[in-house]
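# Chains, contacts and geometry: an overview
One-letter residues, chain by chain:
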Amino acid sequence: MTDDSDVTGTAGVDWDLAAAAFDEEPDHGLRDPRVREAWAVRLRSWLPARASDVLDLGCGTGSLSLLAAEQGHRVTGVDRSPAMVALAREKTAGRDAVFLIGDAAAPPTGKRRYDVVLVRHVLWTLPDPARVLRHWRGLLRPGGRFVLVEGVWGTVSPVGIPKDRLAALLAPLTARVRIEGLSDEAALWGREVGDERYAVVAMPE
């Protein structure tokens with residue numbers, strides 16, 4: 001989650017400065033073998049079984065990019081923070097992964113198309129998610145899919161995207177939407193969580 005926005009919780013964050021400590025969060029760095037394996041299992045179930053081109057938007061330090069590459073996929077990561085991108089390149093050295101500095105909402109990928117648009121904890125920070133989803137839809141090849149991990153955080157002033165709202169935003173763009181609750185799987189987060197966390201796998205065709 002490394003895109004600047006005016007949304008409470010991310011506005012004013014210097015992601016280059018935050019990069020050095022970013023992986024200290026269990027679900028960011030995936031340094032705990034149990035957390036890493038939990039994400040690897042989930043990712044394997046969300047991504048195509050065959051080797052595919054995966055676009056990881058707002059990739060941060062590349063933890064999910066690395067897992068996808070280890071599972072045989074070709075990964076392109078995009079993040080606006082040069083420090084995050086440098087760490088992602090270091091983390092995935094020797095893997096089939098490239099990283100670009102740019103805006104996740106409008107990634108600098110030219111006319112390339114992908115089998116998967118993978119996004120974790122980024123869409124909620126963007127000011128016009130419906131427009132962004134339409135743009136991301138155009139980055140998918142026929143038969144491609146969205147894999148979106150989102151949630152709602154906080155109790156006093158909650159931020160995020162409720163799963164029903166995201167499903168409604170995807171409805172005009174996709175033929176099939178599968179939602180998986182993730183709040184009860186403590187291994188993904190390195191601790192018990194009480195807020196709404198979920199993944200959406202959506203296929204336009």
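Before reading on, note that the structure itself is shown above.
To keep things clear, this report deals only with the structure shown in the data block. (Residues numbered from 1 in each chain as written. Predicted model: local features only at pLDDT ≥ 70, side-chain atom pairs only at ≥ 80, totals over all residues. Heavy atoms only, no water.)

## Quick word on the overall build of the chain
Scanning the chain from terminus to terminus reveals eight helices and eight strands. A globule of 205 residues ought to have a C-alpha radius of gyration of about 17 Å, and the chain, at 16 Å, matches this closely. Overall, the chain is about 40 × 35 × 30 Å in size when its C-alpha atoms are taken along their principal axes. The burial tally for the chain puts 53% of its 205 residues in the buried class. Carbon and sulfur atoms provide 52% of the accessible area of the chain, an area that totals close to 9,100 Å². Of the charged side chains in the chain, 26 are positive and 29 negative; the average position of the first set lies 7 Å away from that of the second. (Helix = DSSP H or I, 4+ residues; strand = E, 2+ residues; numbered from the N terminus. Rg over C-alpha atoms; globule rule 2.2 N^0.38 Å. Buried < 20%, exposed > 50% of the residue type's maximum accessible area, 1.4 Å probe, protein only. Areas by Shrake-Rupley, 256 points an atom, 1.4 Å probe, with all protein chains shown as cover. Lys, Arg positive; Asp, Glu negative; His and termini not counted. Charge placed at Lys NZ, Arg CZ, Asp CG, Glu CD.)

## Comments concerning unusual backbone geometry
Of note in the backbone geometry, Leu 30 takes a positive phi value of approximately 50 degrees without being a glycine. For Leu 30, the location among the structural elements is in the loop between helix H2 (26-29) and helix H3 (33-46). Although it is not a glycine, His 121 adopts a positive phi angle of roughly 55 degrees. If you trace the backbone, His 121 turns up in the loop between strand S4 (114-120) and helix H6 (129-137). With a relative accessible area of 8%, His 121 lands in the buried category.

## Observations regarding the pattern of salt bridges
By the definition in use, this model includes 16 salt bridges. The partner of Asp 23 in a salt bridge is Lys 91, and the shortest N-O contact between them spans 2.8 Å. One end of the pair, Asp 23, is in the loop between helix H1 (15-22) and H2; the other, Lys 91, is in helix H5 (residues 82-91), and 68 residues separate them in sequence. A relative accessible area of 24% places Lys 91 in the partly exposed class. One salt bridge in this structure joins Arg 36 and Glu 70, with 2.9 Å as the shortest N-O distance. Taken together, the positions of Arg 36 in helix H3 and Glu 70 in helix H4 (residues 63-70) put the pair 34 residues apart, joining distant regions of the chain. Judged by its relative accessible area of 28%, Arg 36 falls in the partly exposed class. (Salt bridge = Lys/Arg side-chain N within 4 Å of Asp/Glu carboxyl O.)

## With respect to the pairing of S4
Of all seven residues in S4, seven are buried; the element is thus mostly enclosed. Alignment of strand S1 (residues 53-57) against S4, held across four bridges, turns out to be parallel. Each residue of the ladder has a partner; that of Leu 57, found in S4, is Val 119. The sheet contact formed by S4 and strand S5 (residues 140-153) spans six bridges and is parallel. Bridge pairing links Arg 120 to Val 149 in S5. Each parallel crossover has a hand, and for S4 linked through H6 to S5 it is right-handed. (Pairing = 2+ DSSP bridges. Right-handed = clockwise from strand over helix to strand, strands pointing away.)

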